[in-house]
Amino acid sequence: MMIETKRLIIDRIVEKDKEDYFNNISHNKAVLETFICVYQEDLESFDFSKYVGRDDIFAIRLKEDGRLIGILTKFLVGGESIEIGYGIGSDYWNKGYTTEAVITFIDYLFTSEKFDTVYASFFTNNLASKRVMEKAGMKYSHTNFEELTYLGVKRDLIYYKISKNEYLCNNN
């Protein structure tokens, strides 16, 4: 899979992405407050091989130079539903990259992978992620209180969703 937008490329993660992934995701403490990932202390001991070539994690790249600035994830919820996640390096926040990538990824999941519903969730304090979901046409679905413990804190997750029919109505 390779998808191009005006400013981005979304495709598979490759071995040469290790340093960018480390800097923008796994070693970026600001990102780790908003996106579930294991913190990596140093690049040399970072086992990056488990991310390379997977079909459920994708690179968000700048089109101008191919550098990985973030990631998109997907996993089946059940039936025709899928959940997505996303994280982007804090140096790239507030530039519209995440919204651009999420809207494009949702389109891909509806048109190429034929899912009927796309879900996403965010920690209650992550209003920027909520705004990305709203810009992508997603609406509130439900809240799971204390769904998980992350970074030593019990976290509530707020879920948003969009159906294929809603997506098609919003984009025609």
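Each chain carries its own residue numbering, running from 1 in the direction its sequence is written. Only residues with pLDDT of at least 70 get local features here, since the model is predicted, and only at 80 or more are side-chain atom pairs given and counted; chain-wide, interface and lining totals rely on the full set of residues. By convention in this description, side-chain values take in all heavy atoms of the structure and omit both hydrogens and water.

Notes on the sheet that holds strand β4 (residues 68-78)
- In short, DSSP must find at least two bridges between two strands for them to pair. The helix and strand labels rest on DSSP assignments: H or I over at least four residues marks a helix, E over at least two residues marks a strand, and numbering proceeds from the N terminus. Pairing within the open sheet is mixed, and its eight strands lie in the order β1-β2-β3-β4-β5-β6-β8-β7. Where the open sheet ends on each side, the last strands, each with one partner, are β1 (2-4) and β7 (139-150). Across the sheet, the mean angle separating the axes of adjacent strands is 25 degrees when strand polarity is ignored.
- Where strand β3 (residues 57-62) and β4 come together, five bridges link them in antiparallel fashion. Considered in β4, the bridge of A59 is made with I71.
- Here, residues are in contact when the closest pair of their heavy atoms is within 4.5 Å. As a rule, the C-alpha atoms of each element are fitted with a line to give its axis, helices using only the stretch in contact, and angles between N-to-C directions run from 0 to 180 degrees. Strand contacts of helix α3 (residues 97-111): β1, β2 (8-12), β3, β4, β5 (81-88), β6 (117-123) and β8 (153-163), with the helix running at about 160 degrees to β5, the strand carrying the most contacts.
- Those strands touched by helix α4 (residues 127-135) are β5, β6 and β8, and its axis lies near 160 degrees from that of β6.

A look at the environment of T73
- Inspection of the secondary structure puts T73 in strand β4.
- Each residue gets one of three labels from its accessible area relative to the maximum for its type: buried under 20%, exposed over 50%, partly exposed in between, using a 1.4 Å probe on protein chains only. What makes T73 buried here is its relative accessible area of 15%.
- In contact with T73, other than residues within four places in its own chain, are F35, D56, I57, E83, I84, G85 and F105.

A look at the pairing of β2
- Along β2, four of the five residues are buried, which leaves the element largely enclosed by surrounding structure.
- As defined by bridge partners, β1 adjoins β2 across three bridges and the pair is classed as antiparallel. In the strand pairing of β2, I3 is matched with I10.
- The antiparallel hairpin formed by β1 and β2 contains three residues in its connecting segment.

Things to note about helix α1 (residues 18-26)
- Among all positions in α1, only Y21, F22, N24, I25 and S26 are buried.
- Where α1 is buried, its residues meet α2 (29-32), β4 and β5.

Re the pairing of β8
- The pairing of β6 with β8 spans seven bridges and is antiparallel. Bridging across to β8, Y119 finds its partner in K161.
- In this sheet, β8 lies alongside β7 in antiparallel orientation, the contact comprising eight bridges. Along β8, the bridge assignment pairs K139 with K161.
- The antiparallel hairpin formed by β7 and β8 contains two residues in its connecting segment, where L151 sits at a positive phi of about 55 degrees.

Examining the nonpolar core
- Note on terminology: a nonpolar core comprises buried Ala, Val, Leu, Ile, Met, Phe, Trp, Tyr and Cys residues joined through side-chain atoms within 4.5 Å. Core analysis: the biggest nonpolar cluster contains 33 residues, and L72, I106, V118 and M138 have the highest contact counts within it.
- At the level of elements, β2, β3, β4, β5, α3, β6, α4 and β8 are the ones that each hand at least two residues to this core.
- With residues up to four places along the chain from it excluded, the contact list for V118 reads I82, I84, I106, L109, F110, M138, Y160, K161 and I162.
- Core analysis: the next-biggest nonpolar cluster, separate from the first, contains 19 residues, F22, Y51, L68 and Y159 among them.

Observations regarding the pattern of salt bridges
- A pair is scored as a salt bridge if a Lys or Arg side-chain nitrogen falls within 4 Å of a carboxyl oxygen belonging to Asp or Glu. This model, assessed by the stated rule, comprises eight salt bridges.
- A salt bridge links R67 to D65; its shortest N-O distance comes to 3.2 Å.
- Two residues, E113 and K74, come together in a salt bridge whose shortest N-O distance is 2.7 Å. Note that E113 is positioned in the loop between α3 and β6 and K74 in strand β4, a separation of 39 residues in sequence.
- One salt-bridge network, in which partners are shared between bridges, spans D11, D17 and R61.

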